[in-house]
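Architecture and fold: a report
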Amino acid sequence: MKSTYGFLKACYFLLDPPILTMKNTDIPNGIPISPLLNDLETAEGNVKNSFFLKGRLITICFYAVMVAMAISLIAKVLVSLINLVTNISFFGSFSLGFHSPAANHLGVWVIFIPAIGGILVGLMALYGSKAIRGHGIPEAMEQILVNESNIKPSITLLKPISSAIAIGTGGPFGAEGPIIATGGALGSTLGQLFKVTANERKIILAAGATAGMSAIFGTPIASIFLAIELLLFEFSPRSILPVALACITGAAGHHLLFESGPAFPMSNLAIPSNLALAIYSFIGIFTGFLSLGITKIVYWIEDVFEKLPIHWMWWPAIGGLAVGIIGFYAPHTLGVGYDNIKGILSGTWPLTLIFSLCFLKFLSWAIALGSGTSGGTLAPLLTIGGAAGSIIGILILKQFPGSGITIPMAALIGMSAMFAGASRAYLTSIVFALEATMQSHALLPLLGACTGAYMVSFFLMENTIMTEKIARRGIFTPDSFEPDVLQKMTVSQVISEEETVINIDNSIRGVRNWLRKNPANSNYFIVVNNAGEYNGTVKLADIYNNQADIDSPLEEIINKRASLSIYSTDSLRKAVETMSKIGVEVLPVLDPANKRVVIGVLSYKDIINAYKWHIEKSEFAHIKISLKRQRMKMLIRGRKLIDFNDGPK
């Protein structure tokens, strides 16, 4: 960018003699300007520096670890409580040990157990908090996006209890959804008790939620990716470090309070052939279409419940009755079902049992979830996806015995692809399958399958199973995490040479006379001395203040602030932060070599135009290398070569 010093001299010539400095005075009769600028002028002391301090980051990390330690204990309590309710409901014993409700001997009475649990959940939602209803993750996303990550503290207590009742009485959910919601509520509560920003509270919320997932499954890396893809909507040191520490703490809690091995142990998988990789990718694409249908059906069922002519408190009971009826004919559909996932991944279960889990588990879960009871989505999706992958793998092996695929691998990629397609948490799905099974040879099949499922979901489904509910309420969920455009661009790339700069050696009268002939396009002007050095800024409203002495020097109304200046090498982000902090719409751009000399003026219009240019550049498709021009160059070079060779030797 050229120096504007010649332009400054032109301004000096048009105005009368010199001056500078400014008092921060109220102007009762000044010309009208944007009300926002007046608010910003008075709010200078209230605006905090947006640069994230490292000391502050250490504090947030400490909070995150504390929340993770607490949520690890709560995860253990939740699992024990689910086991207790299950044993009381289906076996009549007070025991904290795990017993699958599929082994019950209640006969037809099993139908009423989930309905009773639904009534209790409905009462808790009615007299406690309606927020305990639902999946868990969508509710946390909603609070992050529209409510500054503020969740009612009561959810920390009500969500695990209601979920334990719903799951313990046969609800076809996993413990991970409720513990994610509980961890988020605990993190949000801590963030409301201490003096933190809304963004810091979001980080603590995400740390608590993902620490809960890590405590249940022992999958810290997948939990970090879950935070990035579904909760944080950003990737930066200030967010990743607290979340990572929380997930590590949660994983330590898992190994201490649960078990040290993988959540879903499998026999070692062989390295797949290229043909097998292609088939696994096809299974992933097919599973992507299944995830599309599953999401649509879940929300269709929810819409059906919305139309019922009875109070919503009774909906979980109706859903529980359906769960009980299905559970009577297919007992394996009842309860958490982590043992079902292990059985499917073993590749030894009969096709009839796997088919019942694929279809009937889905039907039971979709009705229960649509009824608004308290439960999660991850474990059911894993069960349904794993069963679907197994079924497809069995059918392919029957038709093509030499395809090289295995049933356990087909089940694993079906499980992961279902989650990738339904939630569009791409990296989380892949890493979770690897961490939960410790099968490194599954990496390439998982990558191909999850990519296929993700593509189907992205192109054919507007919202996911996690975002559909909040999208219906008009809440937009970010789906991309791009670098800050303003951080990548420097001031020197966009500074303007067309802004007016005023010499300090002028009177207010002289400036008014000049502005009468040259109408201003800005509410602020930069003021410099004869050497082109920055002296301050002056507001248009102050120049036209009726109470001002027009024969007084311009210096009387100048505002001197060293912090107003920026250098040409600074980023546009720093410029925007400076503008918002001080409450001005123009900034002097100083020469980095001579820190007082003004070489240009940066206005908010320049920043908007730069952002617009970046968007147009990103969306404008054009040919950079022309093959036609390249062919012409080659022909010309060829002719020169021929002429040279045919010339005299």
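For clarity, every value in this text was computed on a predicted model and none was experimentally measured. Just so you know, the residues in each chain are numbered from 1, in the order the chain's sequence is written. With pLDDT at 70 or above as the cut-off, local features in this predicted model cover only qualifying residues; side-chain atom pairs require 80 or more to be listed or tallied, and sums for whole chains, interfaces and linings still use all residues. Working from all heavy atoms in the structure, the side-chain values ignore hydrogens and water.

A few words now on the overall build of the protein chain. Labels follow the DSSP assignment, with helices taken as runs of H or I lasting at least four residues and strands as runs of E lasting at least two, numbered in each case from the N terminus. The secondary structure content of the protein chain amounts to 25 helices and 6 strands. Accessibility here uses a 1.4 Å probe with only protein chains present; expressed as a share of the type maximum, an area under 20% marks a residue as buried, one over 50% as exposed, and anything in between as partly exposed. A total of 649 residues make up the protein chain; the buried ones form 56% of that total. Within the protein chain, contacts between residues at least 6 apart in sequence are counted, and of these 78% link residues at least 24 apart. Contacts are assigned to residue pairs that have any heavy atoms within 4.5 Å of one another.

Once that is clear, we can look at helix 14 (residues 351–370). An expected span of 1.5 Å times one less than the residue number is assigned to each helix. The terminal C-alpha atoms of helix 14 lie 28 Å apart, and with 20 residues this matches the ideal 28 Å at 1.5 Å per residue to within 8%. The largest bend in helix 14 comes to about 25 degrees, at leucine 360. Most of helix 14 sits out of view: 14 of its 20 residues are buried. Bend is computed residue by residue as the angle between axes fitted to the seven residues ending at the residue and the seven residues starting at it.

So, about the packing of helix 14 against helix 15 (residues 378–399). For any two helices packed against each other, the geometry comes down to the angle between their axes and how far apart the axes lie. Every angle, taken between N-to-C directions, lies between 0 and 180 degrees, and every axis is a line fitted to C-alpha atoms, over only the stretch in contact when it is a helix. Contact geometry for helix 14 and helix 15: axes closest at 9 Å, N-to-C directions at 145 degrees. Crossing geometry of helix 14 relative to helix 15 is assigned as left-handed. Facing helix 14, whose interface residues are Leu351, Ile354, Phe355, Leu357, Cys358, Lys361, Phe362 and Trp365, helix 15 presents Pro380, Leu381, Thr383, Ile384, Ala387, Ala388, Ser390, Ile391 and Ile394. Of the residues belonging to the contact of helix 14 with helix 15, the class tally is 14 nonpolar, 2 polar and 1 charged. Crossing handedness is read from the near helix: turned anticlockwise from the far helix by less than a right angle, it gives a left-handed crossing, and turned clockwise, a right-handed one. Amino acid classes used here: Ala, Val, Leu, Ile, Met, Phe, Trp, Tyr, Cys and Pro are nonpolar; Asp, Glu, Lys and Arg are charged; the rest, including Gly, are polar.

Glancing now at the side chain of glutamine 439. Along the polypeptide, glutamine 439 turns up in the loop between helix 17 (426–437) and helix 18 (443–460). Polar contacts, as used here, are pairs of N or O atoms within 3.5 Å; protein pairs need one atom able to donate a hydrogen and one able to accept it. Residues neighboring in sequence count only if both atoms are side-chain atoms. Reaching out from glutamine 439, the side chain makes a polar contact with the backbone oxygen of serine 267 at a distance of 3.5 Å.

Looking now at the sheet that holds strand 5 (residues 586–590). Pairing within the open sheet is mixed, and its 3 strands lie in the order 4-5-6. Two strands in the sheet have a free side with no partner beyond their single neighbour: strand 4 (566–567) and strand 6 (598–603). Relative to strand 5, strand 4 runs parallel, the two sharing 2 bridges. Note on strand 5: the bridge partner recorded for isoleucine 566 is valine 589. When DSSP locates at least two bridges between a pair of strands, those strands are taken to pair.

Moving on, we come to the packing of helix 17 against helix 18. It is the contact of helix 17 with helix 18, at a shortest axis distance of 10 Å, that shows an interaxial angle of 150 degrees. In terms of axis orientation, helix 17 runs roughly antiparallel to helix 18. Crossing of helix 17 against helix 18: the hand is right-handed. From helix 17, Tyr426, Ser429, Ile430, Ala433 and Leu434 reach across to helix 18, where they touch Leu443, Leu446, Leu447, Cys450, Thr451 and Tyr454. Split into classes, the residues belonging to the contact of helix 17 with helix 18 amount to 9 nonpolar, 2 polar and no charged. Each angle is binned into one of four classes, with values under 35 degrees roughly parallel, values over 145 roughly antiparallel, values of 65 to 115 roughly perpendicular, and all other values oblique.

Here we come to the side chain of serine 571. Along the polypeptide, serine 571 turns up in the loop between strand 4 and helix 23 (572–582). Residue classification places serine 571 among the buried positions, given a relative accessible area of 14%. Beyond its immediate stretch of four places on either side in the chain, serine 571 contacts Leu486, Gln487, Met489, Thr490 and Val491.

All right, on to the pairing of strand 5 then. Along strand 5, 5 of the 5 residues are buried, which leaves the element largely enclosed by surrounding structure. Where strand 5 meets strand 6, 5 bridges bridge the pair, whose relative direction is antiparallel. Directly across from valine 589, in strand 6, lies its bridge partner glycine 600.

Here the focus is the environment of threonine 169. By the element assignment, threonine 169 lies in the loop between helix 6 (155–168) and helix 7 (176–193). Between the alpha carbons of threonine 169 and glycine 320 there is a distance of 8.8 Å; along the sequence they are 151 residues apart. Those residues within four positions of threonine 169 in sequence are excluded, and the remaining contacts are Val85, Ser89, Phe90, Ile113, Pro114, Gly117 and Ala164. A polar contact of 2.6 Å, which involves the side chain of threonine 169, links it to the backbone oxygen of isoleucine 165.

Taken together, 3 strands build an open sheet; the order of strands is 1-2-3 and the sheet is mixed. The open sheet terminates on both sides in strands that have one partner only, identified here as strand 1 (501–503) and strand 3 (534–539). Between one strand axis and the next, the sheet turns by 35 degrees as a mean value, whatever way the strands run. Pairing of strand 2 (residues 524–528) with strand 3 involves 5 bridges; the strand directions are antiparallel.

The term salt bridge refers to a side-chain nitrogen of Lys or Arg lying within 4 Å of a carboxyl oxygen of Asp or Glu. Counting across every chain of the model gives 8 salt bridges. Residues arginine 56 and glutamate 200 are paired through a salt bridge, measuring 2.9 Å at the closest nitrogen-oxygen approach. With arginine 56 in helix 3 (residues 54–91) and glutamate 200 in helix 8 (residues 198–217), this pair connects stretches of sequence that are 144 residues apart. A residue is classified by how much of its surface remains accessible, and arginine 56, at 27% relative accessible area, is partly exposed.

Nonpolar core, defined: a set of buried Ala, Val, Leu, Ile, Met, Phe, Trp, Tyr and Cys residues in which side-chain atoms within 4.5 Å join the residues together. One finds Phe217, Phe264, Val298, Tyr338, Trp365 and Leu412 to be the most contacted residues of the largest nonpolar core, which totals 133 residues. Those residues in contact with phenylalanine 264 that lie beyond four places of it in its chain are Phe217, Tyr338, Ile341, Lys342, Leu345, Leu382, Phe432, Ala436 and Thr437.

A word on unusual backbone geometry. Even without a glycine there, the phi angle at glutamate 148 is positive, about 55 degrees. Mapped onto the fold, glutamate 148 is located in the loop between helix 5 (137–146) and helix 6. Judged by its relative accessible area of 49%, glutamate 148 falls in the partly exposed class.

Turning next to the packing of aromatic side chains. Working definition: a ring pair exists when centres of Phe, Tyr or Trp rings (six-membered ring for Trp) sit within 6.5 Å. Plane angles under 30 degrees give stacked, over 60 give edge-to-face, the rest tilted. All chains considered together, the criterion is met by 12 aromatic pairs. Taken together, a centroid distance of 6.4 Å and an interplanar angle of 55 degrees make the contact between phenylalanine 362 and tryptophan 365 tilted. One end of the pair, phenylalanine 362, and the other, tryptophan 365, are both in helix 14, 3 residues apart, so they sit about a helical turn from each other. Phenylalanine 362 sits in the buried class, given a relative accessible area of 11%. On the basis of relative accessibility, which here comes to 0%, the residue tryptophan 365 falls in the buried class. Taken together, the ring pairs in this structure connect Phe217, Phe264, Tyr338 and Phe432 into an aromatic cluster. Over a ring means this: the NZ of a Lys or the CZ of an Arg is within 6 Å of the ring centre and within 35 degrees of the ring normal. Of note, lysine 76 hangs over the ring of phenylalanine 258, and the distance from its end group to the ring centre comes to 5.0 Å.

In this section: the environment of alanine 164. Within the fold, alanine 164 resides in helix 6. C-alpha separation for the pair alanine 164 and leucine 78, spaced 86 residues apart in sequence, amounts to 6.5 Å. Beyond its immediate stretch of four places on either side in the chain, alanine 164 contacts Leu78, Leu81, Ile82, Val85 and Thr169.

Across the 5 residues that make up strand 2, a large majority, 5, are buried. Neither face of strand 2 is exposed, since Tyr524, Ile526 and Val528 on one face and Phe525 and Val527 on the opposite face are all buried. The pairing of strand 1 with strand 2 spans 3 bridges and is classified as parallel. Each residue of the ladder has a partner; that of isoleucine 502, found in strand 2, is valine 527. Hairpin remark: strand 2 followed by strand 3, antiparallel, with 5 residues in the connecting loop; positive phi at glycine 532, about 80 degrees.

Moving on, we come to the confidence of the model for the protein chain. The predictor attaches a confidence to each residue, called pLDDT, with possible values from 0 through 100. For the protein chain, per-residue confidence averages 81 on the pLDDT scale, and residues scoring 70 or more make up 85% of the total. Within the model, the stretch residues 1–52 combines pLDDT values under 50 with 129 contacts to residues more than four positions away or in other chains.

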